[in-house]
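Inside the fold
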Amino acid sequence: MRIAISGSHSLGKSTVVRDWAAAHPSFHREEEPYRALGLHGPYEILFREASTRLHNGIQMYYNISRIHRYASPSDHVIFDRAPIDYLAYSQYTANQRSTDIDDEYVASMIPAARESLDHLDILAFVPKSEAWPVAMEDDGIRPVDHAYRDEVDAIFKQIYREGRFNVMPEQQAPLLIELVGPAEQRLEQLQSAILEIRHRSQAGGDKLNRSKVQGNPLQDF
């Protein structure tokens, strides 16, 4: 089962990944590209209006390269971020018109992001929710900027709820779900998604029509 956790920063994605991996030792945990390449790697990666094509491009293609390592649904892995994340963050920077990232560059990223999604079984979006707010943590890594987080979250919601960029593949799409609520509830929502996929597989279904949100209605938070 190949799972990717997606969404704006400081909303609990890494907590989901960490808690799931701890509860399911058979799952390999794939680190967030920024941590692998920037924090623990050789690259300087900047955020917000300072991001460049290099910064976001290397993260997305690193993420895609890791996803392609897992060719079978029998592989057990959970990713901290998905390729779609770098479309959202790049669009934010393009809107600022402050670096070489522009709308044309964002559009150029879409085919590669879309093509990689057939190597995922579950794509779990973590939205900002007024019903379950998450405080921003000043960990010295993530930007402590509510407006930035909110603007990126709004772009994610356009992508996942309104079909912006038309990034989901027509065939072999992952099951798209939303994770909200306390940490325990998010893990239960992931488990429910896995059970649904297994049920469909046993019933002779396939992945052609799995691109829909399960567990939560498509509503604004």
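Look above for the structure.
Calculation criteria
- Residues numbered from 1 in each chain as written.
- Predicted model: local features only at pLDDT ≥ 70, side-chain atom pairs only at ≥ 80, totals over all residues.
- Heavy atoms only, no water.
- Buried < 20%, exposed > 50% of the residue type's maximum accessible area, 1.4 Å probe, protein only.
- Helix = DSSP H or I, 4+ residues; strand = E, 2+ residues; numbered from the N terminus.
- Pairing = 2+ DSSP bridges.
- Polar contact = N/O pair within 3.5 Å; in protein donor to acceptor, adjacent residues only side chain to side chain.
- Contact = heavy atoms within 4.5 Å.

Glancing now at the pairing of strand 4 (residues 122-125). Side-chain direction in a regular strand flips from residue to residue, so the side chains alternate between the two faces of the sheet. Of the two faces of strand 4, the one lined by Ile122 and Ala124 and the one lined by Leu123 and Phe125 are each fully buried. The pairing of strand 1 (residues 2-6) with strand 4 spans 4 bridges and is parallel. Within the sheet, the bridge partner assigned to Ile5 lies in strand 4 and is Ala124. In terms of strand pairing, strand 4 meets strand 5 (residues 175-178) through 4 bridges, oriented parallel. Across the sheet, Ala124 pairs through a bridge with Ile177, a residue of strand 5.

Assignment of secondary structure puts Ser90 in helix 4 (residues 84-96). Judged by its relative accessible area of 0%, Ser90 falls in the buried class. There is a polar contact of 2.9 Å between the side chain of Ser90 and the side chain of Asn56. Those residues in contact with Ser90 that sit more than four places away from it in its chain are Asn56, Ile101, Tyr105, Val106 and Met109.

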